[in-house]
Amino acid sequence: MQMMRESWTDERLNDLNGRVSDGFARVDADIRELRGDIKSLQRMMVQGFITMSAVMATGFVGLAGLIAF
């Protein structure tokens, strides 16, 4: 097990700050990508709902037409 150092030098703190900033930048990029994926999924779900509604309405109209005759 590695011993912890008693003090942090400015160079080590700057290095840690850079690594933390890089990590947050990667997380931010990943979140932005996920938001794009969710928007496209939501768009596909809305299109599917509209399509299914139109098919159901057509079926009901057709069924009503068969019953009426």
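The structure under discussion appears in the preceding block.
Summary of the structure given here. (Residues numbered from 1 in each chain as written. Predicted model: local features only at pLDDT ≥ 70, side-chain atom pairs only at ≥ 80, totals over all residues. Heavy atoms only, no water.)

## Points about the overall build of the protein
Broken down by element type, the protein carries one helix and zero strands. Here the protein has a C-alpha radius of gyration of 29 Å; the compact-globule value for 69 residues is 11 Å, and the former is much larger. Over its C-alpha atoms, taken along the principal directions, the protein stretches across nearly 90 × 25 × 10 Å. Evaluated residue by residue, the protein yields a buried proportion of 1% over its 69 residues. Averaging the positions of the 8 positive and the 9 negative side-chain charges in the protein gives two centres separated by 7 Å. (Helix = DSSP H or I, 4+ residues; strand = E, 2+ residues; numbered from the N terminus. Rg over C-alpha atoms; globule rule 2.2 N^0.38 Å. Buried < 20%, exposed > 50% of the residue type's maximum accessible area, 1.4 Å probe, protein only. Lys, Arg positive; Asp, Glu negative; His and termini not counted. Charge placed at Lys NZ, Arg CZ, Asp CG, Glu CD.)

## Overview of the pattern of salt bridges
Enumeration according to the criterion identifies two salt bridges in this entry. The shortest N-O distance in the salt bridge between D15 and R19 comes to 3.6 Å. Residue D15 and its partner R19 are both found in helix α1 (residues 10-68); the two are separated by four residues, about one turn of the helix. Look at D15 and you get partly exposed, because its relative accessible area is 43%. Residue D28 pairs with R32 through a salt bridge whose shortest N-O separation is 3.2 Å. Within this pair, D28 and its partner R32 are both found in helix α1, separated by four residues, close to a single helical turn. Residue classification places D28 among the partly exposed positions, given a relative accessible area of 37%. Take R32: its relative accessible area is 56%, and that puts it in the exposed class. (Salt bridge = Lys/Arg side-chain N within 4 Å of Asp/Glu carboxyl O.)

## So, a nonpolar patch on the surface
Side chains of W8, L13, L16, V20 and F24 sit close together on the surface and give an oily, nonpolar patch of about 490 Å² of accessible area. Relative to the assigned elements, L16 resides in helix α1. The partly exposed category is assigned to L16, whose relative accessible area is 33%. (Patch = residues over 30% accessible without salt bridge, like charges linked within 9 Å, V, L, I, M, F, W, Y side chains within 5 Å. Areas by Shrake-Rupley, 256 points an atom, 1.4 Å probe, with all protein chains shown as cover.)

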